[in-house]
Amino acid sequence: MTCSEFLAELDDLIDNSVTPTLRADLELHLRECEHCVITLNTTRKTIEIYRQHELYELPTALRERLQAAILAKCKRGC
Ligand SMILES: [Zn+2]
């Protein structure tokens, strides 16, 4: 699994709507990729904050900025 593939499944992982097989693949990637661990934690925290304010949907621009930033780091680091 690449970082792009991981990020594509990130929302479903946080929502627990991935299949057990996919979850195993995602967790395998997390063991190998510190950048995606950080992205997962950051995104999860951000979503929790939004949920507390009853604004569940992340603004698309924010989500895209977050993912672009992490992908830029992964190009150097992964
Ligand atoms: Zn990654």
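Preceding this paragraph is the structure being described.
**Details of the overall build of the chain**
1) Next: The secondary structure content of the chain amounts to four helices and zero strands.
2) Next: Counting from the amino terminus, the chain carries its helices and strands in the arrangement α-α-α-α.
3) Next: Counting across all 78 residues of the chain, residues that qualify as buried make up 27%.
4) Next: Partitioning the contacts of the chain with sequence separation of at least 6, the portion at a separation of at least 24 is 58%.
5) Next: Accessible surface, the chain as shown: approximately 5,400 Å² in total, 53% of it carbon and sulfur.

**What to know about the coordination of the zinc ion**
1) Next: Donor atoms from the polypeptide that bind the zinc ion are Cys3 (SG), His29 (NE2), Cys33 (SG) and Cys36 (SG), placed at 2.1 to 2.3 Å.
2) Next: Here the zinc ion binds four donor atoms, and the angle range of 98 to 115° at the metal identifies the geometry as tetrahedral.
3) Next: The exposure class assigned to His29 is buried, which follows from its relative accessible area of 6%.
4) Next: Classification of Cys36 as buried rests on a relative accessible area of 0%.

**Some points on unusual backbone geometry**
1) Next: Look at Asn16: it is not a glycine, yet its phi comes out positive at around 60°.
2) Next: When its relative accessible area of 57% is taken as the criterion, Asn16 is described as exposed.

**As for the nonpolar core**
1) Next: Among the nonpolar cores identified, the biggest contains 15 residues, and Phe6, Leu10, Leu13, Cys36 and Leu40 are the most heavily contacted of them.
2) Next: Of all the secondary structure elements, the ones that give two or more residues to this core are helix H1 (3-14), helix H2 (20-32), helix H3 (34-52) and helix H4 (60-77).
3) Next: No other element matches H1, which puts six residues into this core.
4) Next: Residue contacts for Phe6: discarding those within four places in its chain leaves Met1, Leu13, Leu26, His29, Leu30 and Cys36.

Here is what the cut-offs are and how they apply
Residues numbered from 1 in each chain as written. Predicted model: local features only at pLDDT ≥ 70, side-chain atom pairs only at ≥ 80, totals over all residues. Heavy atoms only, no water. Helix = DSSP H or I, 4+ residues; strand = E, 2+ residues; numbered from the N terminus. Buried < 20%, exposed > 50% of the residue type's maximum accessible area, 1.4 Å probe, protein only. Contact = heavy atoms within 4.5 Å. Areas by Shrake-Rupley, 256 points an atom, 1.4 Å probe, with all protein chains shown as cover. Donors = N, O, S within 2.8 Å, 3.2 Å for Na, K, Ca; no water. Tetrahedral: all angles 85-135°; square planar, octahedral: opposite > 155°, others 65-115°. Core = buried A, V, L, I, M, F, W, Y, C linked by side-chain atoms within 4.5 Å.

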